[in-house]
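These are the residues of each chain, in order.
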Amino acid sequence: MTDPADRHRPTPGPGDKTAPLARPKAAPQPGATPLRFGYGTNGLADLRLDDALTLLADLGYDGVGLTLDHMHLDPLAPDLAARTRRLGRRLDELGLTVTVETGARYVLDPRRKHGPSLLDPDPDDRARRADLLLRAVQVAADLGAHAVHCFSGITPTGTDEDTAWTRLADTLTPVLDTATAAGVPLAVEPEPGHLLATLADFHHLRTTLGDPTALGLTLDIGHCQCLEPLPPADCVRAAGPWLRHVQIEDMRRGVHEHLPFGDGDIDFPPVLAALADTGYRGLTVVELPRHSHAGPHFAERSLPFLRQAVALSQGSTP
């Protein structure tokens, strides 16, 4: 979820037609599993949560990627359970499903972006991150969410790799126990620059922990384009058995910058065909956290693009 320095774009006006959608390329016939699309609240950070949810429902999204943050269901504020119940009723009214994401930048520490992490040298700091994940699991269980997303964090300066992997496994173990009891998958995201950065790293963690049922994978399609050796569609096929959450945006090879659809290099119809072939039934969530300044605009643009890509992947006319 982290990306490089902010790249500011002018905010389009309501009638702006200067940036038409790029047409996705054609692709082979996919499997029959229908894909369900959501949009991440970290890309709608300037909206009140209810306004964001209403917008997504009005645009036709199937669900929402809910990042627990101070502006959107603050996980550290009082009465979390009561606020979660109210949110659950609202999601039901709007017909939106949900996944819970934990990538808020400063929710735990106002001075350290995404800090503390599961890898911090201070065990109390690692416990604070684990507590956030435990709260997220409870929120997800109360909302009927299909997964809780998380990531490893960057290896701290002066920490060797073996120590970092040990900290990650040890800190995640009680979270996985709680997730197992709650029946909510914990979906770890390979994140460029983190200890757990690739699909191979995910499998290393999975093997280290003994392949627990509750441990799944968040696959970010842009990250596959950015640094995986396989093309994104092949990454999807390889990840299929462990997929519990999917994030999607455009990206360029070797550059970790989340881009609107059509601004990067990804050929989306083959990716969506591969995703349908895996039988994945969770949400595929648009991940544009750096574009909150024009969040409603990009939310409106993104869903037609994805639907067009699905139609092309199926060999039909958009």
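So, a few notes on the structure that sits alongside this text. (Residues numbered from 1 in each chain as written. Predicted model: local features only at pLDDT ≥ 70, side-chain atom pairs only at ≥ 80, totals over all residues. Heavy atoms only, no water.)

Here the focus is unusual backbone geometry. Across residues other than glycine, the phi torsion is negative in most instances, and most of the peptide bonds are trans. Between Gly115 and the following residue, Pro116, the backbone shows a cis peptide bond with an omega angle of -15°. Relative to the assigned elements, Pro116 resides in the loop between strand 3 (97-101) and helix 3 (123-143). Residue His114 is not a glycine yet carries a positive backbone phi of 60°. Note on placement: His114 falls in the loop between strand 3 and helix 3. (Helix = DSSP H or I, 4+ residues; strand = E, 2+ residues; numbered from the N terminus.)

Moving on: the pattern of salt bridges. Under the defined criterion, the tally for this structure stands at ten salt bridges. For Asp120, the salt bridge identified is with Arg112, shortest N-O distance 2.9 Å. Of the residues examined, Arg112 reaches a relative accessible area of 32% and is grouped as partly exposed. In this structure, Asp211 and Arg206 form a salt bridge, with 3.2 Å as the shortest nitrogen-oxygen distance. (Salt bridge = Lys/Arg side-chain N within 4 Å of Asp/Glu carboxyl O. Buried < 20%, exposed > 50% of the residue type's maximum accessible area, 1.4 Å probe, protein only.)

For strand 6 (residues 215-220), the buried fraction is high: six of the six residues fall into the buried class. The alternating pattern of strand 6 places Leu215, Leu217 and Leu219 and Gly216, Thr218 and Asp220 on opposite faces, both of which are buried. Taken together, the three bridges between strand 5 (residues 186-188) and strand 6 define a ladder with parallel strand orientation. For Ala187, the partnering residue across the bridge sits in strand 6 and is Gly216. Taking the sense of rotation as the criterion, the β-α-β connection linking strand 5, helix 5 (residues 199-208) and strand 6 turns out right-handed. Bridge count for strand 6 against strand 7 (residues 243-248) is four bridges, and the pairing is parallel. Counterpart to Leu217 in the pairing with strand 7 is Leu243. (Pairing = 2+ DSSP bridges. Right-handed = clockwise from strand over helix to strand, strands pointing away.)

Turning to the packing of helix 7 (residues 232-239) against helix 8 (residues 268-278), a few remarks are in order. Where helix 7 contacts helix 8, the axes come no closer than 8 Å and their chain directions differ by 10°. If you check the angle between helix 7 and helix 8, you find them roughly parallel. For the pair helix 7 and helix 8, the contacting residues are Pro232, Ala233, Val236 and Arg237 in the first and Pro270, Val271, Ala274, Leu275 and Thr278 in the second. Looking at the contact of helix 7 with helix 8, its residues break down into seven nonpolar, one polar and one charged. (Axes fitted to C-alpha atoms, helices over the stretch in contact; angles between N-to-C directions. Parallel < 35°, antiparallel > 145°, perpendicular 65-115°, else oblique. Contact = heavy atoms within 4.5 Å. Nonpolar A, V, L, I, M, F, W, Y, C, P; charged D, E, K, R; others polar.)

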